[in-house]
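Descriptive analysis of the structure
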Amino acid sequence: GKAYAEHFWKSFRENYITREDIRYMAELGYNSVRIPINWRVLMEDGEEIRWKEEGFELLDRCVNWCEEEGMYAFLDLHGAPGGQTGANIDDSLDDVPRLFIDADKKEKCLALWHRLAVRYKDREAVGGYDLLNEPICPPDGGRDNDYLIPQLARLYRELIADIRTVDQKHLLSIEGAHWATDLRIFTEPFDDNMVLHFHRYAEMPQRSCLDAYVKKAEELDIPLWMGETGENSNEWYAAFYPLSVSMGIGYNLWPWKKMACTNSPCSIRAPKDYDLVIAYTNGDPHPGYAKSRAIFDEYLENIRLENCDLHPE
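We now turn to the structure provided with this report. Everything numeric in this text was worked out from a predicted model, so none of it was measured.

With that settled, consider the overall build of the protein chain. What the protein chain contains, in helices and strands, is 11 helices and 10 strands. In summary, the protein chain has a C-alpha radius of gyration of 20 Å against a globular reference of 20 Å for 313 residues, a match within 12%. Sequence separation of at least 24 residues holds for 70% of the intrachain contacts in the protein chain that already meet a minimum separation of 6. Accessible surface computed for the protein chain: about 15000 Å², of which carbon and sulfur atoms make up 50%. For the protein chain, the separation between the mean place of its 35 positive charges and that of its 56 negative charges on side chains is 3 Å.

Let us now look at the sheet that holds strand 9 (residues 266–268). The strand order across the open sheet formed by three strands is 8-9-10, and the pairing between neighbours is mixed. If you trace the sheet from one side to the other, it starts and ends with strand 8 (257–259) and strand 10 (309–310), each paired once. Note: strand 9 against strand 10, two bridges, orientation antiparallel. When the bridges of strand 10 are listed, Cys266 appears paired with Leu310.

Let us now look at the packing of aromatic side chains. On inspection of all chains with the given rule, the structure shows 20 aromatic pairs. For the ring pair Trp236 and Phe240, a centre distance of 5.0 Å and an interplane angle of 55° mean the geometry is tilted. Highlighted residues: Trp236 and Phe240, both in helix 9 (residues 234–246), separated by four residues, approximately one helical turn. Taking the relative accessible area as the measure of exposure, Trp236 reaches 8% and is therefore buried. A residue is classified by how much of its surface remains accessible, and Phe240, at 0% relative accessible area, is buried. Ring centres of Tyr241 and Tyr251 lie 4.3 Å apart, and the angle between their planes is 15°; on these two criteria the pair is classed as stacked. Of this pair, Tyr241 sits in helix 9 while Tyr251 sits in strand 7 (residues 250–254), and the two are 10 residues apart along the sequence. The rings of Phe8, Trp9, Phe12, Tyr16, Phe296 and Tyr299 are connected pair by pair, giving a single aromatic cluster.

What follows concerns the nonpolar core. Judged by nonpolar contacts, the single largest core of 83 residues is most densely connected at Leu75, Trp113, Tyr129 and Leu132. The leading source of residues in this core is helix 6 (residues 149–164), at eight residues. If we ignore the near neighbours within four places in the chain, the residues touching Tyr129 are Leu75, Trp113, Leu116, Ala117, Tyr120, Lys121, Ile163, Asp167, His170, Leu171, Leu172 and Ser173.

Before going further, it helps to examine the sheet that holds strand 1 (residues 32–38). If you trace the seven strands from one edge of the open sheet to the other, you get 1-2-3-4-5-6-7, paired in parallel fashion. Lying at the two open borders of the sheet, with one neighbouring strand each, are strand 1 and strand 7. Shown here is a sheet whose adjacent strand axes are inclined to one another by a mean of 30°, direction ignored. Pairing analysis gives seven bridges linking strand 1 to strand 2 (residues 72–79), with the strands arranged parallel. When the bridges of strand 2 are listed, Ile35 appears paired with Leu75.

The next thing to look at is the side chain of Asn145. Relative to the helices and strands, Asn145 resides in the loop between strand 3 (126–130) and helix 6. Relative accessible area serves as the criterion here: at 1%, Asn145 is assigned to the buried category. Within polar-contact distance, the side chain of Asn145 engages the side chain of Arg143 at 2.7 Å. Contacts of Asn145, omitting those with residues within four sequence positions, involve Gly86, Pro97 and Ile136.

Each value, and the rule that gives it
- Residues numbered from 1 in each chain as written.
- Predicted model: local features only at pLDDT ≥ 70, side-chain atom pairs only at ≥ 80, totals over all residues.
- Heavy atoms only, no water.
- Helix = DSSP H or I, 4+ residues; strand = E, 2+ residues; numbered from the N terminus.
- Rg over C-alpha atoms; globule rule 2.2 N^0.38 Å.
- Contact = heavy atoms within 4.5 Å.
- Areas by Shrake-Rupley, 256 points an atom, 1.4 Å probe, with all protein chains shown as cover.
- Lys, Arg positive; Asp, Glu negative; His and termini not counted.
- Charge placed at Lys NZ, Arg CZ, Asp CG, Glu CD.
- Pairing = 2+ DSSP bridges.
- Phe/Tyr/Trp six-rings, centres within 6.5 Å; stacked < 30°, edge-to-face > 60°.
- Buried < 20%, exposed > 50% of the residue type's maximum accessible area, 1.4 Å probe, protein only.
- Core = buried A, V, L, I, M, F, W, Y, C linked by side-chain atoms within 4.5 Å.
- Axes fitted to C-alpha atoms, helices over the stretch in contact; angles between N-to-C directions.
- Polar contact = N/O pair within 3.5 Å; in protein donor to acceptor, adjacent residues only side chain to side chain.

Here's what the structure looks like:
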């Protein structure tokens, strides 16, 4: 029901990440937090540009907690207007990277980063701006959007030029295409204060899967950040992350918290009967509104840090 959905999302955003989560990250030794942002939290999804102040207040709150704990907050546009990826990770309507196709979506993206830069230009706790998460996924047998990669480079230049009109201080984190693994757009530095941001998953944890990025960083004289990595085993982490650090490459573990897992720092306990929700998404009968609300009420409690199973290892 619509009323419960509104209650759910408000409660989810209150409970999923709290001050206690940020404090625990600091206790574990992390020195930065990459905050994934869905544009719909900050903007109305409509014809005109309309801002949601309550969304910016959520972001302010998280940045403030990072500042209190002596950590940097990186603002990560994980779901850009229209979708930047061409896959379901950006919460787009049709798994098409319309950010690069529809003029309206590009206009909204430029406006959003301008507003973020105005809001955070003087915040030292903000480590930098991660302009687009994993833009333009590889074809992999599906739709081939590689023809848009030149537009990705052009959009970066437009975003950076606009941001720099109000904020000359903050680091810019720039990701290539194909799950932030493709280096073709990096023919020159996009800015004098940037990091080449790449992602590594499911590779053999050895130097060879980092060499191309090290070579490109040396060629352009810019630093590297492995801004997303994880979803693997502790043995893989133990092999790969010390290697990365030894090569001067910082890393960011993804994600902080997910359901019924052993490879994230926090594991959310699955609510009783959650399998009914999964089965419904696969075509089984609707569990009923009352039953569904009970399942999601339990989930909203389970996502609190104090109710999670912790994996400090």
